[in-house]
Amino acid sequence: MTSSQTRSDAGLATTLRISVSRLARRLRVERTASGLAEPVLSDTQFAALATLERHGPMSPGELAGHERVQPPSMTRVIAALEAWQLVTREAHASDRRQVVLTVTPQGRDLVARARRRRDAWLAKRLTELTPQERATLRAAAPILEKLSQA
């Protein structure tokens, strides 16, 4: 990235979009390990499972809201996760019309393994950077997090 490319907000936006997209794509590849006997989840399925693992039990509607997908789409995702025994569906404690989704131990393990693989890959890439480049990334991390939450 040259300074002329990032001089304008539009140029910075383009450069950031491309770089972040490439990094996200590469991290998605690192999520799965070939040769392991574990379900190969779609990005949407894995994101839903990871959200449940991170935030705890919730209703299908709450999960759809977290993932910003329509409830009918989330229904298909949940069905696949249940089929792989990665989540369970139980009746809500106070409202029997509702259900609550919970991650199973197998689901927790799958998410943990995927996170370890991605963290290891990224940590190795970070060692290839100079101390100054790593310091720049440390300073940028909160800003990137803020952008991701917008």
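Residues numbered from 1 in each chain as written. Predicted model: local features only at pLDDT ≥ 70, side-chain atom pairs only at ≥ 80, totals over all residues. Heavy atoms only, no water.

Caption draft 1: Local environment of the overall build of the protein. A count of helical and extended segments in the protein gives seven helices and two strands. Traced from its N-terminal end to its C-terminal end, the protein shows the element sequence α-α-α-α-α-β-β-α-α. Along the three orthogonal principal directions, the C-alpha set of the protein runs to about 60 × 35 × 20 Å. Taking all 150 residues of the protein together, 25% fall into the buried category. Sequence-distant contacts in the protein: of pairs separated by 6 or more residues, those separated by 24 or more amount to 51%. (Helix = DSSP H or I, 4+ residues; strand = E, 2+ residues; numbered from the N terminus. Buried < 20%, exposed > 50% of the residue type's maximum accessible area, 1.4 Å probe, protein only. Contact = heavy atoms within 4.5 Å.)

Caption draft 2: Just the packing of helix α3 (residues 43–55) against helix α6 (residues 105–127), in detail. Here α3 crosses α6 at 105 degrees, and the two axes come no closer than 10 Å. One way to sum up the angle between α3 and α6 is to call them roughly perpendicular. Mapping the contact onto sequence places F46, L49, A50, E53 and R54 in α3 and G107, R108, L110, V111, A114, R115 and R118 in α6. By residue class, the composition of the contact of α3 with α6 is six nonpolar, one polar and five charged. (Axes fitted to C-alpha atoms, helices over the stretch in contact; angles between N-to-C directions. Parallel < 35°, antiparallel > 145°, perpendicular 65-115°, else oblique. Nonpolar A, V, L, I, M, F, W, Y, C, P; charged D, E, K, R; others polar.)

Caption draft 3: Region of the structure containing the packing of α3 against helix α5 (residues 71–83). At a minimum axis distance of 10 Å, the contact between α3 and α5 shows a crossing angle of 80 degrees. Regarding the angle of α3 to α5, the classification is roughly perpendicular. Residues T44, Q45, A48 and L49 of α3 touch α5, and the partners they reach there are M74, V77, A80 and L81. Considering only residue class, the contact of α3 with α5 consists of six nonpolar, two polar and no charged.

Caption draft 4: Representation of the environment of R54. With respect to the element layout, R54 can be found in helix α3. The spacing of R54 and R138 is 84 residues in sequence and 23 Å in space, taken between C-alpha atoms.

Caption draft 5: Broad picture of a nonpolar patch on the surface. A contiguous nonpolar surface patch, about 500 Å² in accessible area, is contributed by L12, L16, V20, I143, L144 and L147. Within the residue set of the nonpolar patch, elements represented by two or more residues are α2 (9–31) and α7 (131–149). With respect to the secondary-structure elements, L144 resides in helix α7. Classification of L144 by relative accessible area gives partly exposed; the value is 38%. (Patch = residues over 30% accessible without salt bridge, like charges linked within 9 Å, V, L, I, M, F, W, Y side chains within 5 Å. Areas by Shrake-Rupley, 256 points an atom, 1.4 Å probe, with all protein chains shown as cover. Salt bridge = Lys/Arg side-chain N within 4 Å of Asp/Glu carboxyl O.)

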